[in-house]
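# Fold and contact review
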Amino acid sequence: MPQWLEAGVWGFGSGCALLIGAAFATLRRPSQRLIAVVMAFGSGVLISAVAFDLMDEAYRQGGFDAAAAGFLGGAIIYTAANIAISRRGARHRKRSGYNPDESQTPAADSGGLAIAVGALLDGIPESIAIGVSLLDGTGVSLVMVAAVFLSNVPEGLSSAAGMRAAGRGPKYIFGVWGGIALASGLAALLGNLLLAGADPNVLAATTAVAAGGILAMLVDTMIPEATEETPEFAGLIAVTGFLFAFVLSKLGSG
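Let me begin by describing the structure that accompanies this report. All figures in this text were calculated on a predicted structure; none of them were measured in a lab.

Rules and cut-offs
Residues numbered from 1 in each chain as written. Predicted model: local features only at pLDDT ≥ 70, side-chain atom pairs only at ≥ 80, totals over all residues. Heavy atoms only, no water. Helix = DSSP H or I, 4+ residues; strand = E, 2+ residues; numbered from the N terminus. Buried < 20%, exposed > 50% of the residue type's maximum accessible area, 1.4 Å probe, protein only. Contact = heavy atoms within 4.5 Å. Phe/Tyr/Trp six-rings, centres within 6.5 Å; stacked < 30°, edge-to-face > 60°. Core = buried A, V, L, I, M, F, W, Y, C linked by side-chain atoms within 4.5 Å. Expected span 1.5 Å × (residues − 1). Bend = angle between axes of the 7 residues up to and from the residue. Polar contact = N/O pair within 3.5 Å; in protein donor to acceptor, adjacent residues only side chain to side chain. Salt bridge = Lys/Arg side-chain N within 4 Å of Asp/Glu carboxyl O. Axes fitted to C-alpha atoms, helices over the stretch in contact; angles between N-to-C directions. Parallel < 35°, antiparallel > 145°, perpendicular 65-115°, else oblique. Left-handed = near helix turned anticlockwise from the far one by under 90°.

## A short note on the overall build of the protein
Along the backbone of the protein there are eight helices and zero strands. Starting at the N terminus, the α and β elements of the protein follow one another as α-α-α-α-α-α-α-α. Here the protein holds 254 residues, and the buried ones make up 50% of them. When contacts within the protein are restricted to residue pairs at least 6 apart in sequence, those whose partners lie at least 24 apart make up 84%.

## A few points about the packing of aromatic side chains
In the structure shown here, the tally under the stated rule is three aromatic pairs. Relative to Phe242, the ring of Phe52 lies with its centre 5.8 Å away and its plane at 65 degrees, an arrangement referred to as edge-to-face. In this pair, Phe52 is assigned in helix H3 (residues 32-90) and Phe242 in helix H8 (residues 234-253), connecting sequence segments 190 residues apart. Connected via pairs of aromatic rings, a cluster forms that spans Phe52, Phe242 and Phe246.

## With respect to the side chain of Glu126
Positionally, Glu126 belongs in helix H4 (residues 107-133). Discounting residues that sit within four places of it in the chain, Glu126 has contacts with Leu46, Met144, Val148, Ser151, Asn152, Ile214 and Met217.

## A word on the nonpolar core
Counting 42 residues, the largest nonpolar core has Leu46, Leu54, Met144 and Trp177 as its most contacted members. Those elements that provide at least two residues to this core are helix H2 (17-27), H3, H4, helix H5 (142-165), helix H6 (170-195), helix H7 (200-229) and H8. Not counting the four nearest positions on each side in its chain, Met144 is found in contact with Ala49, Asp53, Leu54, Glu126, Ala129, Ile130 and Ile214. Ala58, Ala67, Ala204 and Ala208 belong to the second-largest nonpolar core, a separate cluster that totals five residues.

## Observations regarding the environment of Val117
Within the secondary structure layout, Val117 lies in helix H4. Judged by its relative accessible area of 42%, Val117 falls in the partly exposed class. Sequence-wise, Val117 and Val176 are 59 residues apart; in three dimensions their C-alpha atoms are separated by 9.8 Å.

## Observations regarding H7
With 30 residues, H7 extends 42 Å from end C-alpha to end C-alpha; this agrees with the ideal 44 Å at 1.5 Å per step. Remark: the principal bend of H7, roughly 45 degrees, maps to Leu218. A distance of 2.8 Å separates the backbone nitrogen of Asn201 from a side-chain oxygen at the start of H7, and that oxygen is part of Asp199.

## Quick word on the pattern of salt bridges
In this structure the tally under the stated criterion is one salt bridge. Among the salt bridges present, the one from Arg60 reaches Glu57, with a minimum N-O distance of 2.4 Å. Here Arg60 and its partner Glu57 are both found in helix H3, three residues apart, which amounts to about one turn of the helix. Taking relative accessible area as the criterion, Arg60 reaches 55% and is therefore assigned exposed. With relative accessibility at 18%, the residue Glu57 sits in the buried group.

## A short note on the packing of helix H1 (residues 3-15) against H6
Each packed pair of helices is defined by two parameters, the angle between the axes and the distance between the axes. Running from amino to carboxyl end, H1 crosses H6 at an angle of 150 degrees, the nearest separation of the two axes being 7 Å. On the basis of the axis angle, H1 is roughly antiparallel to H6. Like other packed secondary-structure pairs, H1 and H6 cross with a definite hand, here right-handed. Taking contact as the criterion, the partners of Gln3, Trp4, Ala7, Gly8, Gly11, Phe12 and Gly15 in H1 are, on H6, Ala181, Leu182, Ser184, Gly185, Ala188, Leu189, Asn192 and Leu193.

Written out as C-alpha cells, the structure is:
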C-alpha cells in the first residue's frame, strides 16, 4: 500500500470515532462521568503525544527556532479559528453533559452544525500529524491515532445530540459525521503526500503547528470538561493516559 494511502486510512480510521460517538447519542447515551473519564484519559494521551511524538520530532528535524515558531503559530491559528466557531454555536462542542449549544430550539440545528465544523477544526491538525508521522519510514504513530480516536468520541456524541434535538434523523447525522471522517482521512493523506521530501525545517514547523493546535484544543475543550465531571480523579486519570501513551511510544520505538 502506498504510504500516502496508508496515511489516509489511518486518518479516516481515527475520524470514525466521531461516528461511534454519534451512534451512542442515537442509540443509548452513556453516563456523563464515563465520557468525562474518556476525556481525561484522552487528554493525558494527547499531552504525551504532543510532547514525545510531535515536539520532540519537530525539534529533532528543525531545531528550536522552527519548533518554537510552529508551536506558537499553531496555537494562535487554532485559537483564532476556535473563537470564530465558538461565536457561531460550538463553544461547548466536547461537553458530555448538558450542552448549551444543544438547546431545544430551532437554533439547535445550527448549533449542531457549528459543533460539526468545530470537530473538523479540531481534527485537521491531528490528521496532518498522523500523515506526517509516516514520513520517517518507521510506521504510523499509534499514540497519535489512539489519542485522536479517544478525543473524537465525545465530540461526535455532543454534536449528534444537538442535531437530534433539532429533529434531524440518523441518516442526516451519520452523513455529516461520515463526511468529516472522510475529510480527516483526506487531511492525513494530503499531509503525507504534499510534505514528502520537504525541507526538514518545513516538516518541523508543520509538526509543531499541529502540536500547538492540539494543545490549545486540549486546554480549551477537553480538560475543562474532564475536570467538571470527574473533579476528584481527573488528574489521576490523565496521568494514567499519559503513562499509557509514554509506554506505547517507547515500545514502538524500541
